[in-house]
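Per-entry structural report
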Amino acid sequence: MTSHADSGPVEQITVDLGQRSYDILIGPGLIDSAGAQISSRLDTPRAFIITDANVAPLLGDRLAASLEAAGIDHEMIVLPPGEATKSFGPFENLLDELLQRGIERATTLVALGGGVIGDITGFAASTLLRGINYVQVPTTLLAQVDSSVGGKTAINARHGKNLIGSFYQPRLVVADTQTLDTLPRRELLAGYAEVVKYGLLGDAEFFAWLEANGAALLSGDDQARIYAVAKSCRMKAAIVAEDEQERGRRTLLNLGHTFAHALEAETGFGELMLHGEAVAIGMALAFDLSARLNLCTPDEAARVRRHLEGAGLSTEPPGHPEGQWDIQRLISLIGTDKKVSQGRPVFVLARAIGEAFVARDVDLGDVEAILGRAVAA
Ligand code: NAD
Ligand code: GLY
């Protein structure tokens, strides 16, 4: 991978949260100058890079070299890749390791990796010594446009995904778009679903831009990647600044997630469907449901499906690993989603592409009909 040691950020976006405000820096090759950017935000020049075993050999040395060049004393902890790392055992081991190596209140954790590393590192930072600083260096598309921004940190529990966590904002996000060069195609596409989500929930022009430029983005065009990551982060930053703890507008970021969560939970959050893949299916179903309720036209729902499928994402659930989907089980899983409020599931529906809203009064008969059609397809 080419080194861009001199390149500064192409885009700088501020998440405006008063004293907890922070910048998102976006651009190609930023990892090589991350040390200087991080250094200016540190209380003490000491950091731990937390990464996974896939990312460490690709990017670990470059980030370490850039911390070194900025005079930051650093060590690295490499965790196993994959969702299983976001659970109690690995979390406890991580805390133990950090405490054993002697972290202090002014030490900073630097999360180098995808959403798994970002989420567990953020949660560790929020609990260690009652809270230390952390920086996000996201290396998947999903992490660059979603999980590294907004301060949701979590691990999974036996009872479900992301059930133990905190809202705890990072000090800085450094999104080097060139790190996406090595991302497996399937992971890139899963992240792309979250990019499309921003267009669908609040910006019809951005969705149209993706219709025209999504293929370039997915084939590695850096200008397209920077534009899409920046646009997504700008939208997320505005929403988070208005509703940090998801009491209102932030719920819109869950477009497609109520359906996705039920499909993922039913199949054990495994390899069958990556989160972004489930979100793509969920967004198509959310538009189908909106059309069924005469909120948007069937043409709008068809346009959403066409774009997702054209990009290479599936909009129908895959075959159930054990034979058949059980619609009643899916409905009951929707009822146990952590977004349930006063016993009512929360859906994000749309009046049109770019005009999503939160609905708390959806008749489960309609949901059942949509799911029934989807799994029969
Ligand atoms: P991930 O972190 O598991 O990364 C996907 C895979 O790509 C891993 O195998 C990883 O090792 C590898 N990888 C990462 N960067 C790479 C690179 N540059 N080149 C090659 N391989 C690379 O998955 P993800 O999709 O980034 O994140 C999913 C997680 O994010 C889930 O746990 C989800 O719950 C969480 N999430 C959190 C938020 C939030 O707001 N905090 C939002 C969305 C999702
Ligand atoms: N990923 C949804 C959120 O950050 O609110």
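Heads up: these notes are all about the structure in this document. Small disclaimer: the values here were computed from a predicted structure and weren't measured. (Residues numbered from 1 in each chain as written. Chains lettered and ligands numbered in written order. Predicted model: local features only at pLDDT ≥ 70, side-chain atom pairs only at ≥ 80, totals over all residues. Heavy atoms only, no water.)

1. Let's talk about helix α6 (residues 185–202)
Spelled out, the test is: Runs of H or I in DSSP of at least four residues are treated as helices and runs of E of at least two as strands, each being numbered from the N terminus. Here the expected length of a helix is defined as 1.5 Å per residue gap, with one fewer gap than residues. The cut-offs for exposure are 20% and 50% of the maximum accessible area for each residue type, with area from a 1.4 Å probe on protein chains only; residues under the lower value are buried, those over the upper are exposed, and the others partly exposed.
With 18 residues, α6 extends 26 Å between its outermost C-alpha atoms, agreeing within 8% with the 26 Å of an ideal straight helix rising 1.5 Å per residue. Most of α6 sits inside the fold, with 14 of its 18 residues counted as buried.

2. With respect to the pattern of salt bridges
Formally: Basic side-chain nitrogens of Lys or Arg form a salt bridge, by our definition, when they fall within 4 Å of a carboxyl oxygen of Asp or Glu.
Going through the model one piece at a time under the given rule, you end up with 28 salt bridges. Two residues, Glu83 and Lys161, come together in a salt bridge whose shortest N-O distance is 3.1 Å. Placement of the pair is Glu83 in the loop between β4 (73–79) and α3 (88–100) and Lys161 in strand β8 (residues 160–167), with a sequence separation of 78 residues. With a closest N to O distance of 2.6 Å, Arg329 and Glu266 form a salt bridge. Here Arg329 is found in helix α12 (residues 327–334), whereas its partner Glu266 is found in helix α9 (residues 257–266), with 63 residues between them in sequence.

3. Describing the pairing of strand β2 (residues 22–27)
Quick note on the threshold: Following DSSP output, two strands are said to pair if at least two bridges run between them.
The buried fraction of β2 is high, at six of six residues. In this sheet, β2 lies alongside strand β1 (residues 11–15) in antiparallel orientation, the contact comprising five bridges. The residue of β2 that forms the bridge with Val15 is Tyr22. In this antiparallel pair of consecutive strands, β1 and β2, the connection spans six residues, and Gly18 shows a positive phi of 60°. Inspection of the sheet shows β2 paired to strand β9 (residues 172–176) by five bridges, in the parallel sense. Note on β9: the bridge partner recorded for Gly27 is Asp176.

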